[in-house]
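Next come the chains, spelled out residue by residue.
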Amino acid sequence: LKLQTLLFSATFDDAIFKLSKKLLTDPEFIEVAPRNTAATSVEQLVYTIDEDRKRELTSFLIGSKNWRQVLIFTRTKQMADSLAKEMCKDGLKTLSIHGDKSQGAREKALAEFKDGSIRALVATDVAARGLDIPALNVVINYELPYVAEDYIHRIGRTGRAGKEGLAISLMSPDEEYLLTAIEEVLDKKLL
């Protein structure tokens, strides 16, 4: 009887690669797509806007385009909670998920998002890892991530299973350096 061990990962960073070398004997490395590439079915747009106008634009886009399901990314838990609260005041049913919320609260928010009870879900990168939302058409980067590779994971929540998606990034003037880092990882200009 010969034992065979397989390791699958949606994200295969250097730490996982090192671990695979320790655990596996002569591993075969198979990639579906090159590392750090965005799905070609996702249209990527960048809007340059003052920081204090981002929430207004976010609510306007969701309302005017009549988007029913939008996943919004922030960098911090505090911003996720604050943005969700303000968007509710704008008349958009919105919840937030992040690491400080209980597992039950995160699961409830995700279930309400999937069933259409809420239109927008504001998440941090940690809480959004592994989220599978089959019909998600729009992702908004309310704040650009500090780690450029996280951008790819964020926009990868849309444009799945052959469907098209839209990823909008709201960039304040002081975030320009973050966009530059993202463009280097993508090897593509976004503006």
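Here, every reference points to the structure presented above.
Keep in mind it's a predicted model, so treat the numbers as computed, not measured.

Moving on to the pattern of salt bridges. By the definition in use, this model includes twelve salt bridges. Here Arg75 makes a salt bridge to Glu175, at a shortest N to O gap of 2.9 Å. Of this pair, Arg75 sits in the loop between strand 2 (70-73) and helix 3 (77-89) while Glu175 sits in the loop between strand 6 (165-171) and helix 7 (176-186); the two residues are 100 residues apart in sequence, bridging distant segments of the chain. Note that Glu86 is salt-bridged to Lys89, the shortest N-O span being 3.2 Å. Of this pair, Glu86 and Lys89 are both found in helix 3, three residues apart, which corresponds to roughly one turn of the helix. Glu86 gets classed as partly exposed once you look at its relative accessible area, which sits at 30%.

What follows deals with helix 4 (residues 103-114). For helix 4, with twelve residues, the first-to-last C-alpha span of 16 Å sits near the 16 Å given by 1.5 Å per residue. Of all the residues in helix 4, the buried ones are Ala109, Leu110, Glu112 and Phe113. The buried side chains of helix 4 occupy one side of the element, clustering within an arc of 160° when seen end-on. Considering only its buried residues, helix 4 is in contact with strand 2, strand 3 (94-97) and strand 4 (120-123).

Read from one edge to the other, the open sheet built from six strands follows the order 1-6-5-2-4-3, with strand pairing classed as parallel. Of all strands in the sheet, those bounded by a partner on one side alone are strand 1 (42-48) and strand 3. Neighbour to neighbour, the strand axes of the sheet diverge by 20° on average, direction disregarded. This element, helix 3, spans strand 2, strand 3 and strand 4 of the sheet and lies at about 175° to strand 3.

Its location among the elements puts Thr74 in the loop between strand 2 and helix 3. Thr74 sits in the buried class, given a relative accessible area of 0%. Engagement of the side chain of Thr74 in a polar contact is seen with the backbone oxygen of Thr76, the distance being 3.1 Å. Sequence-distant contacts of Thr74, that is, excluding residues within four places in its chain, are made with Met79, Ala80, Leu83, Val122, Ala123, Thr124, Asp125, Tyr142, Glu143 and Arg154.

Definitions and cut-offs
- Residues numbered from 1 in each chain as written.
- Predicted model: local features only at pLDDT ≥ 70, side-chain atom pairs only at ≥ 80, totals over all residues.
- Heavy atoms only, no water.
- Salt bridge = Lys/Arg side-chain N within 4 Å of Asp/Glu carboxyl O.
- Helix = DSSP H or I, 4+ residues; strand = E, 2+ residues; numbered from the N terminus.
- Buried < 20%, exposed > 50% of the residue type's maximum accessible area, 1.4 Å probe, protein only.
- Expected span 1.5 Å × (residues − 1).
- Arc of directions from axis to C-beta.
- Contact = heavy atoms within 4.5 Å.
- Pairing = 2+ DSSP bridges.
- Axes fitted to C-alpha atoms, helices over the stretch in contact; angles between N-to-C directions.
- Polar contact = N/O pair within 3.5 Å; in protein donor to acceptor, adjacent residues only side chain to side chain.

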